[in-house]
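Understanding the architecture of this molecule
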Amino acid sequence: LARSGPPPLPPLPRSGPPPLPAGAPPLPAGAPAGKPKLSLEKKLDALGVTSPKLLTLAKTAQLSLKKRNLDGHAASVGLCMDVSGSMGNMFRDGTVQTVIERVLGLGLNFDDNGAIDVFAFAATSQYIGELRHDRFPGAAAWIQREEKCGGTTSYAPAIWKILEHYGYAKDGKPLTEVKLPAQRPVYLLFITDGGNDDKNPAKAAIEAAARFPVFFQFVGIGGAEFPFLERLDDLKGRFLDNVDFFEMNNPAQVPEAELYDKVMAEYPKWLAQAQAKNIVL
């Protein structure tokens, strides 16, 4: 298919302290790096967010974060979207677009530039690009135009692609020399509508990922059963419990506040453990 629209923006560098938003005051001496310096309202204004929908989503997400003492928390936010053939209807009926917008509501709170990293997967996986607040209309169609992941559903290539993007793996293997603790963690929302064909490789990838500051929130949609993801959620012997899983038929039909509460249910516990084990500041 011919590609249309503007090309994806290049990803921001992930090393060193993230830049301050425009207009933010300088860091005081001794202030921890990687923390947002503005209130959400000032941050949204500095980013130029004008969409009423995104403003509402960001403020709804903030209420959920405040319940968990995560208001002002800084993290990179990623979305990994299943693009296998069975997802076609949910791309067409607006479900995927709604999910993207809600994840961007988290990104506007967590990420200093209010953006999310978008990945796609089916038989293979790829990094689609960085989605900023001013480019969210038509984001689902953008993913469909760009992805080349056809075939059946495999999780392991997506997990390794995510780890590689954030600097923790290469060529399907974990890097052995990574400077930790990281200044900020990665919160990764992983959306799928079916089981995978690579259970052992996916399990091995998650076990390897447990030593890095990446939290995987798996969400099963579309009414299928997900016994493998249920087992992965309870997998014993990992360095850290880096996975949470829940299922819902259609996340776009779940009230925004309820969805944010569900996707934030396990992340604070993982974050505390990752900090205690010196994986993230």
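As a reminder, the structure under discussion sits directly above these lines.
First things first, this report covers the structure right here in the doc. Computed from a prediction, not measured in an experiment: that's the story for all the values here. (Residues numbered from 1 in each chain as written. Predicted model: local features only at pLDDT ≥ 70, side-chain atom pairs only at ≥ 80, totals over all residues. Heavy atoms only, no water.)

1. As for the pairing of strand 7 (residues 214–220)
Taking burial as the measure, the seven residues of strand 7 include seven buried ones, the bulk of the element. In strand 7, alternate side chains face the same way, and those of Val214, Phe216, Phe218 and Gly220 on one face and Phe215, Gln217 and Val219 on the other are all buried. Sheet topology places strand 6 (residues 186–192) next to strand 7; seven bridges connect them, and they run parallel. Looking across to strand 7, one finds that Phe190 is bridged to Phe218. (Buried < 20%, exposed > 50% of the residue type's maximum accessible area, 1.4 Å probe, protein only. Helix = DSSP H or I, 4+ residues; strand = E, 2+ residues; numbered from the N terminus. Pairing = 2+ DSSP bridges.)

2. Some thoughts on the pattern of salt bridges
In total, this model carries six salt bridges according to the counting rule given. Here Glu101 makes a salt bridge to Lys53, at a shortest N to O gap of 3.3 Å. In this pair, Glu101 sits in helix 4 (residues 95–110) while Lys53 sits in helix 2 (residues 52–67), placing the two residues 48 residues apart along the sequence. Judged by its relative accessible area of 8%, Glu101 falls in the buried class. Connected through salt bridges with shared partners, the residues Lys67, Arg68 and Asp261 form a single ionic network. (Salt bridge = Lys/Arg side-chain N within 4 Å of Asp/Glu carboxyl O.)

3. Re the sheet that holds strand 6
Strand order across the open sheet formed by six strands is 3-2-1-6-7-8, with mixed pairing between neighbours. Each edge of the open sheet carries a strand with a single partner, namely strand 3 (125–131) and strand 8 (243–247). Strand after strand, the sheet turns through a mean of 20° between neighbouring axes, direction not considered. As judged from the five bridges shared by strand 1 (residues 76–82) and strand 2 (residues 116–121), these two strands associate in the parallel manner. Its bridge partner being in strand 2, Asp82 is matched across the sheet by Phe121. Along the sheet, helix 9 (residues 256–263) makes contact with strand 6, strand 7 and strand 8, crossing strand 8 at roughly 145°. (Axes fitted to C-alpha atoms, helices over the stretch in contact; angles between N-to-C directions. Contact = heavy atoms within 4.5 Å.)

4. What about the packing of aromatic side chains?
Enumeration according to the criterion identifies 17 aromatic pairs in this entry. Ring pairs connect the aromatic residues Phe121, Tyr155, Phe190, Phe216, Phe218 and Phe228, which therefore count as one cluster. The ring of Phe246 has Lys262 sitting right over it, with the charged end atom 4.8 Å from the ring centre. Geometry around Phe239 places Lys277 over its ring, the cationic atom sitting 4.4 Å from the centre. (Phe/Tyr/Trp six-rings, centres within 6.5 Å; stacked < 30°, edge-to-face > 60°. Lys NZ or Arg CZ within 6 Å of the ring centre and 35° of its normal.)

5. A closer look at the pairing of strand 2
For strand 2, a buried count of six out of six residues is recorded, marking the element as mostly surrounded by other parts of the structure. Across the two faces of strand 2 the burial is the same, with Ile116, Val118 and Ala120 and Asp117, Phe119 and Phe121 all buried. As defined by bridge partners, strand 2 adjoins strand 3 across six bridges and the pair is classed as antiparallel. Considered in strand 3, the bridge of Phe119 is made with Tyr127. Between strand 2 and the antiparallel strand that follows it, strand 3, lie three residues.

6. Remarks on the nonpolar core
Taken as a class, soluble globular proteins show a tendency for nonpolar side chains to be buried jointly. Formed by 90 residues in total, the largest nonpolar core has its most connected members in Phe190, Phe216 and Tyr267. Of the residues forming this core, the biggest block, eight residues, is contributed by helix 4. Setting aside residues up to four positions removed in sequence, Tyr267 forms contacts with Leu70, His73, Ala75, Phe110, Pro185, Tyr187 and Phe215. (Core = buried A, V, L, I, M, F, W, Y, C linked by side-chain atoms within 4.5 Å.)

7. As for the side chain of Asn109
Relative to the helices and strands, Asn109 resides in helix 4. With relative accessibility at 8%, the residue Asn109 sits in the buried group. In terms of polar contacts, Asn109 uses its side chain to reach the backbone carbonyl oxygen of Gly105, at 3.0 Å. Among residues more than four places away in sequence, those in contact with Asn109 are Leu40, Lys43, Ala58, Ala61, Gln62, Leu65 and His73. (Polar contact = N/O pair within 3.5 Å; in protein donor to acceptor, adjacent residues only side chain to side chain.)

8. Some points on the environment of Lys161
Following the sequence through the fold, Lys161 ends up in helix 6 (residues 156–165). Judged by its relative accessible area of 27%, Lys161 falls in the partly exposed class. Measuring from C-alpha to C-alpha, the distance between Lys161 and Asp171 comes to 8.7 Å, with ten residues separating the pair along the chain.

Remember, this is a structural readout, not a statement about activity or role.
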